[in-house]
Amino acid sequence: GAESFSSCLGFKKRVGTRTVLVGHRPVSETDAYVAQKFCDNRIVSSKYTVWNFLPKNLFEQFRRIANFYFLIIFLVQVIVDTPTSPVTSGLPLFFVITVTAIKQGYEDWLRHRADNEVNKSNVFVIENAKQVRKESEKIKVGDIVEVKADETFPCDLIFLASSSPDGTCYVTTASLDGESNFKTHYAVRDTTVLCTHETIDSLAATIECEQPQPDLYKFVGRINIYRSNQEPIARSLGPENLLLKGATLKNTKKIYGVAVYTGMETKMALNYQGKSQKRSAVEKSINAFLVVYLCILLSKATVCTTMKYVWQSNPFNDEPWYNEKTKKEKEAFKVLRMFTDFLSFMVLFNFIIPVSMYVTVEMQKFLGSFFISWDKEMYDEEIKEGALVNTSDLNEELGQVEYVFTDKTGTLTENSMEFIECCIDGHKYKESISEVDGPLKYYGKAEKCREELFLRPSGCLSEPRGFYQLLHILNFDPVRRRMSVIVRTITGILLLFCKGADSSIFPRVQQDEIQQTKAHVDRNAMDGYRTLCVAFKEFSQEEYDQIDKQLCEAKMALQDREEKMAKVFEDIEANMHLIGATAVEDKLQEQAAETIEALHAAGMKVWVLTGDKMETAKSTCYACRLFQTNTELLELTTKMVGDSERREDRLHELLMEYHKKLLQEFPKNSGGLKRSLVLNQEYGLIIDGSTLSLILNPSQDSSSSNYKTIFLQICLKCTAVLCCRMAPLQKAQIVRMVKSTKGSPITLSIGDGANDVSMILEAHVGIGIKGKEGRQASRNSDYAVPKFKHLRKLLLAHGHLYYVRIAHLVQYFFYKVRICIHLTQFMFFLPLTIKSIKPLYDAAYLTMYNICFTSLPILAYSLLEQHINIETLTSDPQLYMKISDNAMLQWKPFLYWTFLGAFEGLVFFFGVYFLFQNSSLEDNGKVFGNWTFGTIVFTILVFTVTLKLALDTRFWTWMNHFVIWGSLAFYVFFSFFWGGVIWPFLKQQRMYFVFAHMVTSLSAWLAIILLIFISLFPEILLIVFKNVRRKAQNSRKASDSLSPRPSVRPLLLRTFSDESNVL
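Residues numbered from 1 in each chain as written. Predicted model: local features only at pLDDT ≥ 70, side-chain atom pairs only at ≥ 80, totals over all residues. Heavy atoms only, no water.

## Regarding the sheet that holds strand β8 (residues 205-210)
Next up, step 1: The antiparallel open sheet is built from 4 strands, whose spatial order is β1-β8-β9-β10. Only two strands of the sheet have a single partner each, and these edge strands are β1 (17-21) and β10 (233-237). On average, each strand axis in the sheet is tilted by 20° relative to the strand beside it, whichever way the strands run.
Next up, step 2: One ladder, built from 5 bridges, connects strand β9 (residues 221-225) with β10; its direction is antiparallel. Across the sheet, residue isoleucine 225 finds its bridge partner in β10, namely isoleucine 233. (Pairing = 2+ DSSP bridges. Helix = DSSP H or I, 4+ residues; strand = E, 2+ residues; numbered from the N terminus. Axes fitted to C-alpha atoms, helices over the stretch in contact; angles between N-to-C directions.)

## Notes on the packing of helix α12 (residues 356-368) against helix α31 (residues 855-864)
Next up, step 1: Across the interface, α12 lies against α31 with an axial gap of 10 Å and an inter-helix angle of 35°. Here the hand of the crossing between α12 and α31 comes out right-handed. Between α12, through Thr360, Met363, Gln364, Leu367 and Gly368, and α31, the contact on the second element is made entirely by Leu859, Ser862 and Leu863.
Next up, step 2: The residue inventory of the contact of α12 with α31, partitioned by class, reads 4 nonpolar, 4 polar and no charged. (Left-handed = near helix turned anticlockwise from the far one by under 90°. Contact = heavy atoms within 4.5 Å. Nonpolar A, V, L, I, M, F, W, Y, C, P; charged D, E, K, R; others polar.)

## Quick notes on the pairing of strand β20 (residues 482-489)
Next up, step 1: For strand β19 (residues 468-477) and β20, the ladder comprises 7 bridges, and the chain directions are antiparallel. Among the inter-strand pairings, leucine 474 is bridged to a residue of β20, identified as serine 484.
Next up, step 2: The sheet contact formed by β20 and strand β21 (residues 494-500) spans 7 bridges and is antiparallel. Each bridged residue has a counterpart across the sheet, and for arginine 488 the counterpart in β21 is leucine 494.
Next up, step 3: The turn linking β20 back onto β21 is made up of 4 residues, and glycine 492 within it adopts a positive phi angle of 95°.

## Let's talk about helix α14 (residues 448-455)
Every α-helix winds through 3.6 residues per turn, so residues three or four apart in the chain are directed the same way.
Next up, step 1: Three or more residues of α14 are buried, namely Arg450, Glu451, Leu453, Phe454 and Leu455.
Next up, step 2: Buried positions along α14 lie against β16 (413-424), β17 (427-430), β21, β22 (530-539) and β23 (577-588). (Buried < 20%, exposed > 50% of the residue type's maximum accessible area, 1.4 Å probe, protein only.)

## Side note on the sheet that holds strand β15 (residues 403-406)
Next up, step 1: The sheet built from 9 strands is open, its strands ordered β14-β30-β29-β28-β15-β24-β27-β26-β25 with mixed pairing. This sheet does not close on itself; its edge strands, each paired only once, are β14 (388-389) and β25 (632-636).
Next up, step 2: Pairing of strand β26 (residues 683-688) with strand β27 (residues 720-724), which is carried by 5 bridges, proceeds in the parallel orientation. In the sheet register, glycine 684 faces β27, and the bridge partner there is alanine 720.
Next up, step 3: The strands touched by helix α21 (residues 614-623) are β24 (605-609), β25, β26 and β27; relative to β27, the strand with the most contacts, the crossing angle is about 150°.
Next up, step 4: Set on the sheet, helix α24 (residues 689-696) makes contact with β25, β26 and β27; between it and β26 the angle comes to about 90°.

## Overview of helix α19 (residues 561-572)
Next up, step 1: The terminal C-alpha atoms of α19 lie 16 Å apart, and with 12 residues this matches the ideal 16 Å at 1.5 Å per residue to within 8%.
Next up, step 2: Of the residues making up α19, those classed as buried are Arg561, Met565, Val568, Phe569 and Ile572. One side of α19 carries all its buried residues, which in axial view fall inside an arc of 100°. (Expected span 1.5 Å × (residues − 1). Arc of directions from axis to C-beta.)

## Overview of the pattern of salt bridges
Next up, step 1: Here the structure, examined in full by the defined rule, presents 34 salt bridges.
Next up, step 2: Where glutamate 570 meets arginine 482, a salt bridge forms, and the shortest distance between an N and an O atom there is 3.2 Å. Here arginine 482 lies in strand β20 and glutamate 570 lies in helix α19, a separation of 88 residues in the sequence.
Next up, step 3: Glutamate 570 gets classed as partly exposed once you look at its relative accessible area, which sits at 37%.
Next up, step 4: For arginine 482, a relative accessible area of 2% puts it in the buried group. (Salt bridge = Lys/Arg side-chain N within 4 Å of Asp/Glu carboxyl O.)

## Digging into the nonpolar core
Next up, step 1: Core analysis: the largest hydrophobic core is formed by 79 residues, its most contacted members being Ile286, Val810, Phe853, Phe938 and Ile940.
Next up, step 2: Element by element, the count of residues in this core is highest for helix α29 (residues 790-832), at 11 residues.
Next up, step 3: Setting aside residues up to four positions removed in sequence, isoleucine 940 forms contacts with Phe908, Val912, Ala1007, Ile1008, Leu1011 and Ile1012.
Next up, step 4: Formed by 42 residues, the second largest nonpolar core is a distinct cluster that contains Met378, Met604, Cys621 and Tyr880. (Core = buried A, V, L, I, M, F, W, Y, C linked by side-chain atoms within 4.5 Å.)

## Quick word on a nonpolar patch on the surface
Next up, step 1: A contiguous nonpolar patch, built from Leu1010, Phe1013, Ile1014, Phe1017, Ile1020, Leu1021, Val1024 and Val1028 and spanning about 700 Å² of accessible area, is present on the exposed surface.
Next up, step 2: Within the secondary structure, valine 1024 is located in helix α37 (residues 1002-1038).
Next up, step 3: Residue classification places valine 1024 among the partly exposed residues on the basis of a relative accessible area of 47%. (Patch = residues over 30% accessible without salt bridge, like charges linked within 9 Å, V, L, I, M, F, W, Y side chains within 5 Å. Areas by Shrake-Rupley, 256 points an atom, 1.4 Å probe, with all protein chains shown as cover.)

## Description of the packing of aromatic side chains
Next up, step 1: Taken as a whole and assessed by the stated rule, the structure comprises 22 aromatic pairs.
Next up, step 2: Centroid distance tyrosine 468 to phenylalanine 497: 5.7 Å. Interplanar angle 70°. Geometry classified as edge-to-face. Of the two residues, tyrosine 468 is situated in strand β19 and phenylalanine 497 in strand β21; the sequence distance between them amounts to 29 residues. This pair shows no difference in class: tyrosine 468 is buried, exactly as phenylalanine 497 is.
Next up, step 3: Through a chain of ring-to-ring contacts, the aromatic side chains of Phe853, Phe938, Phe943, Phe970, Tyr971 and Phe974 assemble into a single cluster.
Next up, step 4: One residue, lysine 148, lies across the ring of phenylalanine 124, its end atom 5.3 Å from the ring centre. (Phe/Tyr/Trp six-rings, centres within 6.5 Å; stacked < 30°, edge-to-face > 60°. Lys NZ or Arg CZ within 6 Å of the ring centre and 35° of its normal.)

## Some thoughts on the packing of α24 against helix α25 (residues 707-716)
Next up, step 1: With their axes 8 Å apart at the nearest point, α24 and α25 run at an angle of 125° to one another. Taken together, the axis directions place α24 and α25 in an arrangement best described as oblique. Contacts between α24 and α25 involve Leu692, Leu694, Ile695 and Leu696 on the former and, on the latter, Tyr707, Lys708 and Phe711. (Parallel < 35°, antiparallel > 145°, perpendicular 65-115°, else oblique.)

## Points about unusual backbone geometry
Next up, step 1: For alanine 129, which is not a glycine, the phi torsion comes out positive at approximately 65°.
Next up, step 2: Structurally, alanine 129 is set in the loop between β2 (122-127) and β3 (130-135).
Next up, step 3: Phi is positive for aspartate 150, which is not a glycine, with a value near 65°.
Next up, step 4: Along the polypeptide, aspartate 150 turns up in the loop between β4 (144-148) and β5 (156-162).

## Description of the state of the cysteines
Next up, step 1: With the rule as written, the count across this model stands at 0 disulfides.
Next up, step 2: Lacking any disulfide linkage, cysteine 724 is separated from the closest cysteine sulfur, that of cysteine 723, by 7.6 Å. (Disulfide = S-S within 2.5 Å.)

## Points about the confidence of the model for the protein chain
Next up, step 1: Taken as a whole, the protein chain shows an average pLDDT of 78; of its residues, 80% reach a score of 70 or greater.
Next up, step 2: Ranking the helices and strands of the protein chain by mean pLDDT puts strand β13 (residues 254-261) first, with 94, and helix α38 (residues 1049-1060) last, with 32.
Next up, step 3: Within the model, the stretch residues 433-440 combines pLDDT values under 50 with 11 contacts to residues more than four positions away or in other chains.
Next up, step 4: Confidence over residues 1041-1063 falls short of pLDDT 50; this stretch has 60 contacts with residues more than four positions distant or in other chains. (pLDDT = per-residue confidence, 0-100.)

Structure representation (structure tokens):
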């Protein structure tokens, strides 16, 4: 319903709760209960049904402007007497619609099959104290379900009892968040003994809980247990009591649970409801081109209609003796006739918009994405997985990235902690702290009692669990950045132990205890180590009783439970005593530094967005070469701004100082926002979360309204930016801010944890690392890779090639359609047949041109072409800048392709036209007609555009040879076949033996060969010229003894410039 829909949108607050009768058993005869309606347990991931597939799929396909345009053209051809058959538009449109419908139908059939496997699986439900087998889809909210070891939970269950006497079970959630470790869940303490069919069926209870919401780690509820002649017992329910659909039971014989969320209301189903659609820059360029060509089409139809009626203003031209008008034509309304003629011209020239290009682009993206998945160099032996493509629509966007936003922990680093040292009361202890009895290597020594206080909770002395009785856990969350436990020692002392980041611990301990430990923490952070502080607090029995009561009340709340718990935690974790701190090392990932250097060399700006403290993050940035030794760092941190009331004034001063400094370095017109290779001075910016909040959300003072603009200008002129102490939402804000700047630069976000999902979804391209923090990042990403180092090949090789291939595909498609076939048709009409709207080419040729004759060569090219080999692309990152800013779809290459097409179209048409001035072209004196004229032009056209692609191809495979020469052979075969048979379904056999007669003429052969050569001559000349220039530069580079590595420039000059003629 509306509530589950709003939960998908991520609304934080949800109105209302649901009440569930456990086992559908009424709890009281006196209490009135209004039954609530819940959805069944069917999972539906499919889009269509048998009944709505056709209308729904057709509606979605005709929402695309090109499909809708061709539908209109087809209807015009059917209704109005037009010069071309409806087949010319109808057949390509039918082919496109059918292929797309089959693809989408097959994908949906696979989803149906997967749904049925889940929905029809057998489960066991307890009814009337008996085990009843049911299909999963028939489970209802309130059913008591029995699940056995290694089975998957069929819906979201509240855990009531298990075969374990302590009421625990172990669960793995790998299919939900990728975490393969076992998690412990706990049954409600009053129902743990109900571990048989009879006892569990006798339970009389109600569950009140929140309405369904997608967060896997949050659940708020309460169970009321009714016993005869006793007051109902109320117990709180949390995430530890909820067993999620899709998780698997491990190391436990069986459990009993009651269904609370079923079907499409389970947390798994709410999480898998789609993400927003991202569109690539190339797709936007295609749409822009289509609008331009639609305007050209309308203008040509208008010009031709006007010229026709100007020509017909002469009565003789309007109604010659051999073509008198019928009575119906004479009585026809003139405006209506003009409109009909306008539509006829639209139909005649409609091939300027190639509908088949959309299918080719879709196939190229879909098939091309497999090359990423199949790349063996991106396969990781440790996790036995390779790269994953979740969205094939953005392949070419990988070649256009300008800004890379990366997480630190688990992305640049291994997220594998190795103990370095600890300090207790300011005394340093090194080497392994896992020794049970022997002394640590220490530098000075703390008191024995303080050592025990620090080491026992850490599990570093023997029997810590026997020494302490665990009473409460105050769970970690990213806002508090700490977690605590309340324990009772064997001597009865009540203690709280708290561990967390220094920024969250120091404000909550005695201020006179901080100084000694802070020196160690700062030094460890400067060395690049991750630090945690440990504090404790002692309670009296009366204080503990009060705390226990507050915690229980907060846990029982159904509304705003999290806020109430946070407030209680805040009160408990106050006035603690600092014991010490630990330092662990999180090592850099293999080749992380080399990857960042390569991205910089490719003209990309790398920003690190992390929740870690500034000193640790800065050290990591130096280690991974984000900051160089000569980088001048500009800091906008709490330390620089201060905490006083004047902090906004101080922030304003710093912003203006940095802005002035950068303006001197980058003059206004130097293109500071664009990619650049050499800078006089490199600048790096460091900002923390609290200062960013001040910039993005300033006070209402008017002087602070332009903070964001100045800050953004500073950021964009720095070569590297480090944002530390960032909340997940702030990461997304940073990405959104850069995305919305002038020029709309292409952004990429890469991360490995759940806290990176927001920035991954926000960026144009989202990359997930298959790391140790679960799979939420990779699940929500467009592409997933095992390691950060794989980003180098993904962008510099795959991204570069994908962009070049699809850009060439788009330009080539418009070239072979808009000019060659369209211009010749236009030229044929304008001077020769203005009184009658006639096509130059036969309808079969027009229909087959894009579908069969010229489609496969460009598809093979767009999948296999390597204009520069992959090793060179990976080793020379500067090649990436050659295609930046959508270079191959800008006006310069567009005009080049347009000029080339116009030149070739004029050569085709006028070359054959002048040849036809000699009316007798055959040895027997037979005169060729207009269909022969069109066939000769069409033959030259097919051979020229195919051979043009052969000239552009740099990477030949057997498949390229097969489709290029095979397409030409198929055209010749089809022409003989089409003209060699009398087809019973055709009213006119106008192409009968036309092609066969044409090839018997030596003049026609010479004309075809000569005109093909003349058309391609400028291309051949350009290639020869560039090869000469390449050899000259090659010889110069060979003589340059200062060059430290083998030259890759000759290959670049030979191939890249030939590829797109951008240079």
